[in-house]
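Survey of secondary and tertiary structure
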Amino acid sequence: MADVFHLGLTRDMLNGASLAIIPGDPERVKRIANLLDEPVFLASHREFTSYVGKLDGQAVVICSTGIGGPSTSIAVEELAQLGINTFLRIGTTGAIQTKVNVGDLIVSQASVRLDGASQHFAPLEYPAVADFTCTTAMVAAARAQGVEPHVGITASSDTFYPGQERYDTVSGRVTQRFQGSLKHWQELGVLNYEMESATLFTMCASQGWRAACVAGVIVNRTQQEIPDEAIIKATESKAITVVVEAARKLLA
């Protein structure tokens, strides 16, 4: 019988791991696990697919979170119940600054809280901020791969369409709160949109856990909206390598 409600995992299955790599997409989990030693499939329930492997002899869990803050909060909470205290998110993202190119990496220092789930952990006045040590490890891992990441603020939205001011929907409607918001975030220096980091950062910072986020840029919305599939795979691979090497540094 599982020790937690959704993930289908027990504490023993994690082999004493204290660090988890958490992609959104379940299909990324095996790709990440194959970069570790002795990868073992653990479970797959709904959006949550998990493996455990080893980095330099230490156990690391890989568990998908699905899309958005609510499902991310479930994965993080249940992994924490099983002994995880460090969470490294890897994902893809849409840039909104002209200086950010498709194929680049963004390491989020903090996130604009455009979600709802983070408010279940701390009031809006509380910042959604990444852990300094984990963020530094992400940046160092990228540079070790010959990549200079963009480091800055991310806008983290509960929705892909209206919350990121996309009008290419059935209704074409964006509520007043978000009309003009993309330009506003650009003016404030926000680098990109994604959908999980605000919940992750708020949840972890407020409970004494560590979190960081690296995302591969698959589209720049100042140029186009639809990414190229080949670019997605190459950018994902770059970000995956960085998050694994950051995990290695944090376990050293």
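I will try to describe carefully the structure that is included in this document. Here the structure is a predicted model, which is why all the values come from computation and not from measurement.

For the rest of this paragraph, the subject is the pairing of strand S8 (residues 150-157). Counted residue by residue, S8 has 6 buried out of 8 residues, so it is predominantly covered. Pairing analysis gives 8 bridges linking strand S6 (residues 105-114) to S8, with the strands arranged parallel. Across the sheet, residue Ser-108 finds its bridge partner in S8, namely Gly-152. Judged from the 3 bridges that link them, S8 and strand S9 (residues 192-194) form a sheet pairing that is parallel. Paired with Ser-156 across the bridge in S9 is Glu-194. For the crossover that starts at S8, traverses helix H4 (residues 181-187) and ends in the parallel S9, the hand is right-handed.

Turning next to the nonpolar core. In terms of nonpolar packing, the biggest core is built from 32 residues, with Ile-21, Leu-88 and Met-138 touching the most fellow members. By residue number, the principal contributor to this core is helix H6 (residues 229-251), which donates 9 residues. With residues up to four places along the chain from it excluded, the contact list for Leu-88 reads Leu-19, Ala-20, Ile-21, Ile-22, Cys-134, Met-138, Ala-212, Val-243, Ala-246, Ala-247 and Leu-250. Among the nonpolar cores identified, the runner-up in size contains 31 residues, and Ala-20, Ala-43, Ile-84 and Ala-211 belong to it.

The next subject is the packing of helix H1 (residues 26-33) against H6. The geometry of H1 relative to H6 is characterised by a closest axis approach of 11 Å and an angle of 55° between their N-to-C directions. Between H1 and H6, the angle is such that the two are oblique. Read as a crossing pair, H1 and H6 show a hand that is right-handed. Residues Arg-28, Arg-31 and Ile-32 of H1 form the contact with H6, whose participating residues are Lys-233, Glu-236, Ser-237, Ile-240 and Val-244.

With that settled, consider the pattern of salt bridges. In this structure the tally under the stated criterion is 10 salt bridges. Glu-236 serves as the salt-bridge partner of Arg-28, at 2.9 Å between the closest nitrogen and oxygen. Residue Arg-28 is found in helix H1, and its partner Glu-236 is found in helix H6; the two are separated by 208 residues along the sequence. Side by side, Arg-28 and Glu-236 carry an identical accessibility label, which is buried. Between Asp-56 and Arg-248 there is a salt bridge, and its shortest N-O distance comes to 3.0 Å.

About the criteria used
Residues numbered from 1 in each chain as written. Predicted model: local features only at pLDDT ≥ 70, side-chain atom pairs only at ≥ 80, totals over all residues. Heavy atoms only, no water. Buried < 20%, exposed > 50% of the residue type's maximum accessible area, 1.4 Å probe, protein only. Helix = DSSP H or I, 4+ residues; strand = E, 2+ residues; numbered from the N terminus. Pairing = 2+ DSSP bridges. Right-handed = clockwise from strand over helix to strand, strands pointing away. Core = buried A, V, L, I, M, F, W, Y, C linked by side-chain atoms within 4.5 Å. Contact = heavy atoms within 4.5 Å. Axes fitted to C-alpha atoms, helices over the stretch in contact; angles between N-to-C directions. Parallel < 35°, antiparallel > 145°, perpendicular 65-115°, else oblique. Left-handed = near helix turned anticlockwise from the far one by under 90°. Salt bridge = Lys/Arg side-chain N within 4 Å of Asp/Glu carboxyl O.

Honestly, that's just the spatial picture; any functional story needs more than this.
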